Amino acid sequence: MPNSSHAGYRVRASKGILVTTSGYGPASYEFASGKPLELIDGSNLLYLLAEHAGVKARIDPSDLD
């Protein structure tokens with residue numbers, strides 16, 4: 001990944017992670033394919049919260065508007 005600047009600091013990232021409470025379409029997976037980019041959708045986010053943080057959470061679709 002290219003270098004980026006934030007608040008005067010140079011940051012070199014080796015991987016990006018995009019998280020959504022919803023989901024990704026085929027174009028998103030196609031874009032991320034072959035890149036150091038991980039897409040985490042809502043169901044995987046809930047799994048990771050439960051598995052690694054012991055947090056039982058749910059996504060309420062009415063809150064997503």
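Visitor: Teacher, can you tell me more about the pattern of salt bridges here?
Guide: A side chain with one charge can pair with a side chain of the opposite charge if their charged atoms come near. Under the definition given, this model contains one salt bridge. In this structure, Glu38 and Lys15 form a salt bridge, with 2.9 Å as the shortest nitrogen-oxygen distance. With a gap of 23 residues between them, Glu38 in strand 4 (residues 37-40) and Lys15 in the loop between strand 2 (9-11) and strand 3 (16-19) connect regions that are remote in the sequence. Take Lys15: its relative accessible area is 47%, and that puts it in the partly exposed class.

Visitor: Could you clarify how one ought to interpret the packing of aromatic side chains in this entry?
Guide: Any two aromatic rings considered together are summarised by their centre-to-centre distance and by the angle between their planes. For the coordinates displayed, the defined rule picks out one aromatic pair. Pairing Tyr24 with Tyr29 gives two aromatic rings, centres 6.1 Å apart and planes at 80°, and the pair type is edge-to-face. In this structure, Lys35 is placed above the aromatic ring of Phe31, and the distance from its NZ or CZ to the ring centre is 4.1 Å.

Visitor: Can you help me understand the pairing of strand 3 in this one?
Guide: A regular strand carries its side chains on alternate faces of the sheet. Of the pairings in the sheet, the one linking strand 3 to strand 4 comprises four bridges and is parallel in character. Opposite Gly16, over in strand 4, you have Leu37 as the bridge partner.

The rules we used
- Residues numbered from 1 in each chain as written.
- Predicted model: local features only at pLDDT ≥ 70, side-chain atom pairs only at ≥ 80, totals over all residues.
- Heavy atoms only, no water.
- Salt bridge = Lys/Arg side-chain N within 4 Å of Asp/Glu carboxyl O.
- Helix = DSSP H or I, 4+ residues; strand = E, 2+ residues; numbered from the N terminus.
- Buried < 20%, exposed > 50% of the residue type's maximum accessible area, 1.4 Å probe, protein only.
- Phe/Tyr/Trp six-rings, centres within 6.5 Å; stacked < 30°, edge-to-face > 60°.
- Lys NZ or Arg CZ within 6 Å of the ring centre and 35° of its normal.
- Pairing = 2+ DSSP bridges.

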